[in-house]
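# Coordinate analysis (summary)
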Amino acid sequence: MSANDESSSVAGELSKLEKICQRAVADLSSSRNVRETLELADVDVPQHLRAIASVKLPALRRVLRVRDLRVEEIVKDQLEWLSRERSETVASREFDRMKATDWPMLQANYPDLYWKVLREANLILERKRKR
């Protein structure tokens, strides 16, 4: 295989990867929870492209930025829901559900955010108990 064929092949693969990244960014805007957001942002970069993809593909970096922003937005929405809920029992159940289903992914990938959110959620629930 000549060097020209190889470079055009790499360029074609980078172009496909760029489109995959753009689709991932678009899909992230409609994700509903942390788990879904992390799954949508998981773009599989072939081993032979990893070194150049991070430099040549701005969309790959954009996926990571949008993922991080979306995770923070989802968690903020979850906390807002907890604070708006009038019933302490319902809020407590929803909090337990979030901790069991959604927040383990948060704890594994964003430990600082996880502890901050956990502390805030506990404060919200404590205020509800005092009422």
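### With respect to the overall build of the chain
Secondary structure summary: the chain contains seven helices and zero strands in total. Mapped from its N terminus to its C terminus, the chain presents α and β elements in the order α-α-α-α-α-α-α. A compact globule built from 131 residues would reach a C-alpha radius of gyration of about 14 Å, whereas the chain, at 20 Å, exceeds it by more than 25%. If one aligns the C-alpha atoms of the chain with their principal axes, the spans along those axes are about 75 × 25 × 20 Å. When each of the 131 residues of the chain is scored for burial, the buried share is 33%. Intrachain contacts of the chain at a sequence separation of at least 6 include 67% that bridge at least 24 residues. Approximately 8,500 Å² of the chain is accessible, and the part contributed by carbon and sulfur atoms is 50%. Averaging the positions of the 25 positive and the 22 negative side-chain charges in the chain gives two centres separated by 5 Å.

### A closer look at helix α7 (residues 111-130)
Compared with the 28 Å implied by 1.5 Å per residue over 20 residues, the 29 Å span of α7 between its first and last C-alpha is a close match. Within α7, burial applies to L113, Y114, V117, L118, A121, I124, L125 and K128. All buried residues of α7 fall inside an arc of 130° around its axis, so they share one side. Exposed positions of α7 whose direction lies more than 90 degrees from the buried face are D112, K116, R119 and K130. Check the buried side of α7 and you find it contacts α4 (58-84), α5 (88-101) and α6 (103-109).

### As for the side chain of D102
With respect to the helices, strands and loops of the structure, D102 is situated in the loop between α5 and α6. One buried charged residue, D102, remains without a salt bridge, the closest side chain of opposite sign being R35 at 5.5 Å. The contact partners of D102, leaving out residues within four places of it in the chain, are N33, V34, R35, I74, Q78 and R97.

Conventions we followed
Residues numbered from 1 in each chain as written. Predicted model: local features only at pLDDT ≥ 70, side-chain atom pairs only at ≥ 80, totals over all residues. Heavy atoms only, no water. Helix = DSSP H or I, 4+ residues; strand = E, 2+ residues; numbered from the N terminus. Rg over C-alpha atoms; globule rule 2.2 N^0.38 Å. Buried < 20%, exposed > 50% of the residue type's maximum accessible area, 1.4 Å probe, protein only. Contact = heavy atoms within 4.5 Å. Areas by Shrake-Rupley, 256 points an atom, 1.4 Å probe, with all protein chains shown as cover. Lys, Arg positive; Asp, Glu negative; His and termini not counted. Charge placed at Lys NZ, Arg CZ, Asp CG, Glu CD. Expected span 1.5 Å × (residues − 1). Arc of directions from axis to C-beta. Salt bridge = Lys/Arg side-chain N within 4 Å of Asp/Glu carboxyl O.

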